[in-house]
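# Overview (structure and organization)
What follows is each chain in one-letter form.
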Amino acid sequence: MQFWLLGRSVPWRRLLFCCPACSCKARAFSEHTASRLSSFEKLKKVHNARFAEKALAEGRVIKITLPDGREVQGEALKTTPYQVALQISNSLAENAVTAQVNGFLYDLDRPLEGDSTLKLLKFDSKEGQAVFWHSSAHILGAALEQAYGGLLCHGPSTKTGFFYDVYLANGTVSENDLPRLEDLCKAIIKEKHPFERIEVARSDLLELFKYNEFKMRFIHEQVKTPSATVYRCGPIVDLCLGPHVRHTGKIKALKLLKNSSSYWKGDPSQEQLQRVYGISFPDVWQLRDWEKVQENASSRDHRSIGKAQELFFFHDMSPGSCFFLPRGAQIYTALMDFIKNEYRKRGFMEVISPNIYSVKLWETSGHWEYFKKNMFSFPVESKIFALKPMNCPAHCLMFDHRPRSWRELPLRLADFGVLHRNEPSGSLSGLTRVRRFQQDDAHIFCAMEQLEGEIAGCLEFLQTVYSTFGFTFTFSLSTRPDPFLGDAELWDQAEKIDVQISDALGRYHQCATIQLDFQLPIRFDLSYTSKDKSAQRPVMIHRAVLGSVERMVAILAENYAGKWPLWLSPFQVIVIPVVPSVEAYAHEVHQRVHEAGFMVDINADPGTTLNRKIRNAQLAHYNFLLVVGEKERENGTVNVRTQDNKQHGEWTLEEVLARLSDLCASRTRDAEQQF
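These remarks concern the structure in this document. (Residues numbered from 1 in each chain as written. Predicted model: local features only at pLDDT ≥ 70, side-chain atom pairs only at ≥ 80, totals over all residues. Heavy atoms only, no water.)

## Remarks on the pattern of salt bridges
This is how the line gets drawn: By definition, a salt bridge exists where a carboxyl oxygen of Asp or Glu is found within 4 Å of a side-chain nitrogen of Lys or Arg. Runs of H or I in DSSP of at least four residues are treated as helices and runs of E of at least two as strands, each being numbered from the N terminus.
Enumeration according to the criterion identifies 37 salt bridges in this entry. Two residues, Glu213 and Arg217, come together in a salt bridge whose shortest N-O distance is 2.9 Å. Separated by 4 residues within a single helix, Glu213 and Arg217 lie in helix 7 (residues 213–222), roughly one turn from each other. Between Arg327 and Asp601 there is a salt bridge whose closest N-O contact spans 2.9 Å. Of the two residues, Arg327 is situated in helix 10 (residues 326–346) and Asp601 in strand 33 (residues 600–602); the sequence distance between them amounts to 274 residues. One salt-bridge network, held together by shared partners, links Glu41, Lys44, Glu196 and Arg232.

## Brief notes about the sheet that holds strand 22 (residues 411–415)
Note the cut-off: Between any two strands, at least two bridges found by DSSP are needed for them to pair.
Spatially, the 7 strands line up as an open sheet ordered 18-22-25-31-28-27-26, and their pairing is mixed. Here the strands that pair on one side only, and so sit at the sheet edges, are strand 18 (349–350) and strand 26 (472–478). Of the pairings in the sheet, the one linking strand 27 (residues 496–502) to strand 28 (residues 508–517) comprises 6 bridges and is antiparallel in character. The residue bridging Gln500 from the neighbouring strand is Gln510, located in strand 28.

## Notes on the environment of Cys392
So the rule is basically this: In this description, contact between two residues means that some pair of their heavy atoms is separated by no more than 4.5 Å.
Secondary-structure assignment places Cys392 in helix 13 (residues 392–400). Each C-alpha atom of the pair Cys392 and Asp441 lies 8.4 Å from the other, and the pair is 49 residues apart in sequence. Non-local contacts of Cys392, meaning those with residues more than four positions away in its chain, are made with His367, His443, Leu520, Met540 and His542.

## Some remarks on helix 4 (residues 126–148)
Because each turn of an α-helix spans 3.6 residues, side chains separated by three or four positions end up pointing in the same direction. The criterion, for reference: How far a helix is expected to stretch is found by multiplying one less than its residue total by 1.5 Å. Exposure is judged per residue with a 1.4 Å probe applied to protein chains only, and the accessible area is read against the type maximum: over 50% gives exposed, under 20% gives buried, and values in between give partly exposed.
Along its 23 residues, helix 4 runs 32 Å from first to last C-alpha, staying within 8% of the 33 Å computed at 1.5 Å per residue. Here helix 4 lies mainly inside the structure; 19 of its 23 residues are buried.

## Considering the layout of surface pockets
Threshold: Points on a 1 Å grid over protein atoms alone make up a cavity when a 1.4 Å probe fits among them but cannot get out, and a pocket when they form an open set with protein on both sides within 12 Å along at least five of seven lines; lining residues each have an atom within 4 Å of a point. Grid points are joined across faces, edges and corners, and a volume is the space filled by probe spheres set on the points.
Taken as a whole, the second largest pocket encloses approximately 640 Å³ of empty space. Together, 28 residues line the second largest pocket, and His47, Phe51, Arg197, Ile198 and Glu199 are the ones closest to its centre. Of all the secondary structure elements, the ones that give two or more residues to the lining of the second largest pocket are helix 1 (23–58), strand 11 (195–201) and strand 12 (227–233).

## Description of the side chain of His247
For clarity, the threshold we go by: Pairs of N or O atoms within 3.5 Å make up the polar contacts considered here, provided that, within protein, one atom can donate a hydrogen while the other can accept it, and that residues adjacent in sequence are counted only when both atoms are side-chain atoms.
For His247, the location among the structural elements is in the loop between strand 13 (236–239) and strand 14 (253–263). At 3.0 Å, the side chain of His247 and the backbone nitrogen of Gly249 are in polar contact.

## Remarks on the packing of helix 10 against helix 17 (residues 549–560)
Here is the rule: Here an axis means a line fitted to C-alpha atoms, over the contact stretch when the element is a helix, while the angle between two N-to-C directions is reported on a 0 to 180 degree scale. Working rule for angles: under 35 degrees goes down as roughly parallel, over 145 as roughly antiparallel, 65 to 115 as roughly perpendicular, anything else as oblique. It is the rotation of the near helix from the far one that decides the hand of a crossing: anticlockwise by less than a right angle makes it left-handed, clockwise makes it right-handed. All amino acids are sorted into three groups, where Ala, Val, Leu, Ile, Met, Phe, Trp, Tyr, Cys and Pro are nonpolar, Asp, Glu, Lys and Arg are charged, and the leftover types, Gly among them, are polar.
At a minimum axis distance of 10 Å, the contact between helix 10 and helix 17 shows a crossing angle of 110°. With respect to their mutual orientation, helix 10 and helix 17 come out roughly perpendicular. The two elements helix 10 and helix 17 cross, and the hand of that crossing is right-handed. Contacts from Ile331, Tyr332 and Leu335 in helix 10 reach Val549, Glu550, Met552, Val553 and Leu556 in helix 17. Partitioned by chemical class, the residues of the contact of helix 10 with helix 17 number 7 nonpolar, no polar and 1 charged.

## Structural notes on helix 18 (residues 583–595)
What counts, and what does not: To obtain the arc, one takes the directions from the helix axis to the C-beta atoms.
Spanning 13 residues, helix 18 covers 18 Å between terminal C-alpha atoms, matching the ideal 18 Å at 1.5 Å per step. Buried residues of helix 18: Tyr585, Ala586, Val589, His590 and Val593, and no others. End-on view of helix 18: buried residues confined to an arc of 145°, all on one side of the axis. In helix 18, those exposed residues whose orientation departs by more than 90 degrees from the buried face are Ala584 and Glu595. Those residues of helix 18 that are buried lie in contact with strand 32 (573–577), strand 33, strand 34 (624–628), helix 20 (630–635), strand 35 (637–642) and helix 21 (653–666).

## Some points on the sheet that holds strand 32
Pairing is mixed in the open sheet, where 5 strands are placed in the order 33-32-34-35-36. Of all strands in the sheet, those with a lone pairing partner are strand 33 and strand 36 (647–652), marking the two edges. Taking the axes of each pair of neighbouring strands and ignoring which way they run, one obtains an average angle of 25° across the sheet. Of the pairings in the sheet, the one linking strand 32 to strand 34 comprises 5 bridges and is parallel in character. The partner of Ile576 across the bridge, within strand 34, is Val627. This element, helix 19 (residues 610–619), spans strand 32, strand 34 and strand 35 of the sheet and lies at about 175° to strand 32.

Take a look at the structure:
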């Protein structure tokens, strides 16, 4: 087997010997890889023999139903989705990434077992991308193993690509290693290694992966069935559910993006791992288009905008907690005021709850069992307390602090309380992943018959807010999260609506959530007195629209590229005197605009020309420029311009302030055009 490394063909067994320091790892890699491949081939023979015997015994004509209703015939345990695709068109067979068989994702080369509904999925589908990127992660895993001889841990697809975690006992992955790793990936792609799937008995899994303590842990903790699936791709053999692309050659374009550290299971108390991220596509032009989008996104990065506009910063003295400067605080409070104004229209009542609670509260709610590692806890007078990571248990205490009547329902409690979550330091990323944050958290306690109306109200709330921002959005419905609290049967009745918004770059972000909860009312033994005087259990709805306010600030900064709409803007107005003789009048205008509640600045620098002042203000994205000269001073007026250089002419200051107030109140996104 040959690989292409740094411009020359190299046998894969020699790849690790590129530097003397890697020689010990290379020998270990070579030894366990050879043993692993030998074991896999033996297991494959057993698997194939068993499968052939089954096909002989159970083979029959089957009916395969396509999405358009057409039916084709096949043979059980012989006909594959790829063969069906070839019957339809060569183009479909070439472009298909995976198949959906009876609602489940399926390898294209895996034989169908019986009558099936078949849907062939390309890269342009969500499922197709997930399979494509998961396959790419296996390629990256093979490259990491070859380059470092480490222990492979975890290599999933993500919403934006893939990554692989590897354990290196005495080393790290550096940024300088990425080009070499990328060459290794491309060499593996060039070989067109097939993804081979076999089912392996649990006892054989333990033997197959005995060299890798992380895979062994996973088998002991997660594999509860008599057997599990294993995939081989060239030199790599990995425990995996699949499915995968047919062979590595389907990955036409791959790029490694960055590296970082992580932890086994995301737990800082566990081993530190090395993580490498990547992206891949079935065509080179798609990678080029993606790179252009990323270049545009980089210019919109909220961290760069935050620094340039002096909105916020972070400090090592409080990692993961943002310092919002005055201009950033303007955006933050404007967002909260927007939501609070909507609360008043919709019957929500704002409450304030404590930040610190006894751990007994979290034990009652069930969060301690599953999420204590993500909570900040500490002893107080020999008892354990914790900072709240969410508001729902506190709102249950509020509901339960006195008897409740059906007349009070629905009870809608809203809370902007500060939340803390102990995120791993390696996962912190600007405003999108923080340890301290606030969210527009609300909980609705209602009767079962009120659910439909409350859910409809929540969806209308989302529509109002997201249309104001100019976002489009999609809904997805899920039931039971993993992990989940309480009984599976009750979760089967519950529903969770996840909402993804699409920004100006076409990227999707999950912010809002609407979730039915039957568990917490049971855990806190909540009840109300019904019309017939009987005690009834309320249903609880968790509802957030913005989600984390910090994260929403980041999304909006990038969506607007720092050009904030007037009602949110930290740069609403700037006053510009034409000549020094009108500076006093300019300051008077500045004061009156400030008293009217606007974010306003003044540029009275005598060393800067008028044109330069105007240009600087437009580059800084001030929404409105109020230019004043001798004429404006005499008339008590201002000359109005906008950041896009539109001139609205001379207005009295009273008229300007009234118009700006109306535009802010309407929360329009194009105040400059509507002025």
